[in-house]
Amino acid sequence: MAKNTLTTDDARDQHGNPAGILEQANDIFDETVALRRELHKWPELGNHLPRTRDAVLAALQGLPLDITLHETTSGIAAMLTGDKPGDTVLIRGDMDALPMPEDTSLEFKSNVENAMHACGHDTHTAMLVGAAKLLSSRKADITGRVLFMFQPGEEGFNGASEMLNEGLLDVGTESPITGAYAIHSASNIPGGFVGLKGGTIMASSDFMNITVKGRGGHGSAPHFTLDPIPVACEIVQALQTLVTRRVDVFDPGVVTVTQIHTGTASNVIPETAMINGTIRAVSERTRSLLHDGIRRVAEGIAAAHGMEVDVDLHIGYDVTVNNEDKASFAADVATAVSGERNVRIMDHPVMGAEDFSYVLNRVPGAMMFLGLMPEGMDIMKAAPNHSNRAIYEETQMRRGIAVYSSLALRHLGVPLS
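The sections below set out a description of the structure shown in this document. Being a predicted model, the structure only gives us computed values, none of them experimental.

1. A word on the packing of aromatic side chains
Right, on to step 1. What the rule picks out here adds up to 2 aromatic pairs.
Right, on to step 2. Measuring from ring centre to ring centre gives 5.9 Å for Tyr-181 and Phe-329, while their planes differ by 45°; the resulting arrangement is tilted. With a gap of 148 residues between them, Tyr-181 in strand β5 (residues 177-190) and Phe-329 in helix α8 (residues 324-338) connect regions that are remote in the sequence. When sorted by exposure, Tyr-181 lands in the same class as Phe-329, which is buried.
Right, on to step 3. Look at Tyr-317 and Tyr-358: their rings are 6.2 Å apart centre to centre, the planes differ by 90°, and that puts the pair in the edge-to-face class. Here the residue Tyr-317 occupies a position in strand β13 (residues 308-317), and Tyr-358 occupies one in helix α9 (residues 356-360), the gap between them amounting to 41 residues.
Right, on to step 4. Classification of Tyr-317 as buried rests on a relative accessible area of 8%.

Here's what the structure looks like:
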């Protein structure tokens, strides 16, 4: 990509002092919103997002960044090298959408059938581009490097691991990556609020596919069959008891059955019944307990009825664990940007999952939540992330730009103005 050189004059006020972070975020707000809306209109799914990548690259055009285009995915690694030597800090934004329809009345609603930015990734990407612009204008003040991670495939495609496997963190020993940070927008948290905690902040996410294998026949003569349907129902009920009676409430887990597939006609007993669902835990101990318990319950109930069962557990994302020191640091930075009343230390983790967990497994860092609930909306009625009616308050995106930028600057020892 073509590059230009930005001077520190671009980041200084009329008195020659560095302009405030929020003021600089305000200066690039309109172009940030324009990029977000373009991404929202043309959502893409999975690890291959050609249109999204082109839009991000166009927005980064002219900045003093060393760009690496990942080959196995549409991932972008953009490195800003400051004028003074130092460590490297990573900040991430994910770019992919969800396979679902959009039922909002936004003028820039999705133009793609069954694809929607319903988890705020379009805001993450636009805010990270904004941070790249802001930090590029402060290149002369930066001690070290900032690695901007534009990641595809967060929604179940493990894009973070794909980028890690392709060498994202291989940046050399002269300027090692010593911190990693990410922001996740939430459409049902009041606008501008930042929430985070040290330790576990998000759950693991695994998936189960259970197939009960019976013997089919006529619905009028069930005694000649091995009916898998009541057995499947019994398994579903027993899985709820597994959670409530075997899992420590202070080390929680969730087993949710989301699909049962069986049968073809009202007078036919099918041969098989399939149960699908999700498994969440906030520790590896509970994760392992649930996996073992699901197999034991399903196999035991099937055997009690003279049937067999296949239990297929798909390992998904790891538990997302914030480094305690980095989470405390991030809370201090967010407080400096947003004020103490707008930053909350969370009491408990959430049961959603994130593949940023794999970055945090290798680099100490923290993930935080940014509230983008529309102004004036009732928190109990606001559509949450992954809703077909989710709406994000754009005015608060400038706060996300400021927090991203401030995290990088402060991590590298550059004082905030």
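2. What about the sheet that holds strand β10 (residues 253-262)?
Right, on to step 1. Strand order in the open sheet formed by 4 strands is β10-β12-β8-β13, and the pairing between neighbours is antiparallel. Each end of this open sheet is capped by a strand with a single partner; those strands are β10 and β13. Going from strand to strand, the sheet's axes swing by 20° on average, the running direction of each strand aside.
Right, on to step 2. Pairing of β10 with strand β12 (residues 272-281), which is carried by 9 bridges, proceeds in the antiparallel orientation. Within the sheet, the bridge partner assigned to Thr-262 lies in β12 and is Ala-273.
Right, on to step 3. Packed on one face of the sheet, helix α6 (residues 228-246) meets β8 (204-213), β10 and β12 and runs near 170° to β10.

3. Things to note about the sheet that holds strand β6 (residues 194-196)
Right, on to step 1. Spatially, 8 strands are ordered β1-β2-β4-β3-β5-β16-β6-β15 in an open sheet, and the strand pairing comes out mixed. Both outer strands of the open sheet, β1 (65-69) and β15 (343-345), are each paired with one neighbouring strand and no more. When the angles between neighbouring strand axes are averaged without regard to direction, this sheet yields 25°.
Right, on to step 2. Summarising the sheet, strand β3 (residues 84-94) and strand β4 (residues 143-151) pair through 8 bridges and their orientation is parallel. Bridged to Asp-94 within β4 is Gln-151.
Right, on to step 3. Contacts from helix α3 (residues 50-60) reach β1, β2 (76-81) and β4, with the element oriented near 165° to β1.
Right, on to step 4. In the packing of helix α10 (residues 397-411) onto the sheet, the strands contacted are β3, β4, β5 and β16 (365-373), and the crossing angle to β5 comes to about 160°.

4. Structural notes on the nonpolar core
Right, on to step 1. Residues Leu-90 and Phe-148 are the most contacted members of the largest nonpolar core, which totals 85 residues.
Right, on to step 2. In this view, Phe-148 contacts Leu-65, Ile-76, Ala-77, Ala-78, Leu-80, Ile-91, Leu-128, Ala-131, Ala-132 and Leu-135; residues no more than four positions away in its chain are not counted.
Right, on to step 3. Of all hydrophobic cores here, the second largest spans 26 residues; its members include Ala-273, Ile-275, Ala-302 and Leu-313.

5. Quick look at α3
Right, on to step 1. If you check which residues of α3 are buried, you get Thr-52, Arg-53, Ala-55, Val-56, Leu-57, Ala-59 and Leu-60.
Right, on to step 2. Close packing links the buried residues of α3 with α2 (29-41), β1, β2, α4 (121-136) and β4.

Rules behind the numbers
- Residues numbered from 1 in each chain as written.
- Predicted model: local features only at pLDDT ≥ 70, side-chain atom pairs only at ≥ 80, totals over all residues.
- Heavy atoms only, no water.
- Phe/Tyr/Trp six-rings, centres within 6.5 Å; stacked < 30°, edge-to-face > 60°.
- Helix = DSSP H or I, 4+ residues; strand = E, 2+ residues; numbered from the N terminus.
- Buried < 20%, exposed > 50% of the residue type's maximum accessible area, 1.4 Å probe, protein only.
- Pairing = 2+ DSSP bridges.
- Axes fitted to C-alpha atoms, helices over the stretch in contact; angles between N-to-C directions.
- Contact = heavy atoms within 4.5 Å.
- Core = buried A, V, L, I, M, F, W, Y, C linked by side-chain atoms within 4.5 Å.

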